[in-house]
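# Structure at a glance
Listed below, chain by chain, are the residues.
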Amino acid sequence: MEVKVVLRNLRTAPRKSRQVVDLVRNKDVDKARALLEFTVKRGADPVLKLLNSAIASAVNDLKMAEKDLYISEIRVDEGPKLKRSHPMSRGRAYPILKRTSHIMLTVKEKVGKKKVVEAKTEKVIKPKVTKKTKK
């Protein structure tokens, strides 16, 4: 089972968001949460909020165990750009692009190795035959 959550139009550039996302890719949920809580980057708070949302959905809706969850996929895509201009001298204007991000997070449950139970079979022990020696 997997849970997908999406955060759209985050007002942070994708390049800056990817630095935070690369820290937690393919990590357990507990490790990822600890990393994001102590990361100083601006993009860490929205990613942490998104991760908590994914965990809550998995635990409450799909009845998954939180300790078995890990981040299977997390990706940052570019959202729409807000176009602004910066006024310069002599009536000129330079363009400013305020970039936005879309973050998609997928949380999956770890698949453990299933223990194979072998059927116990009774071994038939044959008595050892000894040779009789002639005297």
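Quick look at the structure, then. (Residues numbered from 1 in each chain as written. Predicted model: local features only at pLDDT ≥ 70, side-chain atom pairs only at ≥ 80, totals over all residues. Heavy atoms only, no water.)

### What to know about the sheet that holds strand 5 (residues 101-109)
- As summarised here, the arrangement of the 3 strands in space is 1-5-2, forming an open sheet in which the pairing is antiparallel. With one partner strand each, in any of the chains shown, strand 1 (2-10) and strand 2 (69-78) form the two edges of the open sheet. Here the average twist between neighbouring strands, direction ignored, is 15°.
- As defined by bridge partners, strand 2 adjoins strand 5 across 9 bridges and the pair is classed as antiparallel. From the neighbouring strand, Glu73 faces strand 5, where its bridge partner is Thr106.
- Most of the contacts of helix 1 (residues 14-24) go to strand 2, to which it runs at about 170°, and overall it touches strand 1, strand 2 and strand 5. (Pairing = 2+ DSSP bridges. Helix = DSSP H or I, 4+ residues; strand = E, 2+ residues; numbered from the N terminus. Axes fitted to C-alpha atoms, helices over the stretch in contact; angles between N-to-C directions. Contact = heavy atoms within 4.5 Å.)

### Description of unusual backbone geometry
- Of note in the backbone geometry, Asn26 takes a positive phi value of approximately 60° without being a glycine.
- Structurally, the position occupied by Asn26 is in the loop between helix 1 and helix 2 (29-37).
- Given the relative accessible area of 55%, Asn26 is considered exposed.
- Not every positive phi belongs to a glycine, and Arg90 is a case in point at roughly 60°.
- By the element assignment, Arg90 lies in the loop between strand 3 (82-87) and strand 4 (93-98).
- Of the residues examined, Arg90 reaches a relative accessible area of 81% and is grouped as exposed. (Buried < 20%, exposed > 50% of the residue type's maximum accessible area, 1.4 Å probe, protein only.)

### Side note on the pattern of salt bridges
- Scanning the model with the defined rule gives 9 salt bridges in all.
- One salt bridge in this structure joins Asp22 and Arg25, with 2.7 Å as the shortest N-O distance.
- Overall, the relative accessible area of 33% leaves Arg25 in the partly exposed class.
- Across the pair Asp28 and Lys110 runs a salt bridge whose closest N-O atoms are separated by 3.1 Å. In this pair, Asp28 is assigned in the loop between helix 1 and helix 2 and Lys110 in the segment after strand 5, connecting sequence segments 82 residues apart.
- Judged by relative accessible area, Lys110 falls into the partly exposed class, the value being 41%.
- The structure contains a network of salt bridges with shared partners spanning Glu2, Lys4 and Lys108. (Salt bridge = Lys/Arg side-chain N within 4 Å of Asp/Glu carboxyl O.)

### Concerning helix 1
- All buried positions along helix 1 are accounted for by Pro14, Ser17, Val20, Val21 and Val24. The arc that holds every buried residue of helix 1, seen down its axis, measures 125°, which confines them to one face. For helix 1, the exposed residues lying more than 90 degrees away from the buried face are Arg15 and Lys16.
- Looking at the buried residues of helix 1, the elements they touch are strand 1, helix 2, helix 3 (44-60), strand 2 and strand 5. (Arc of directions from axis to C-beta.)

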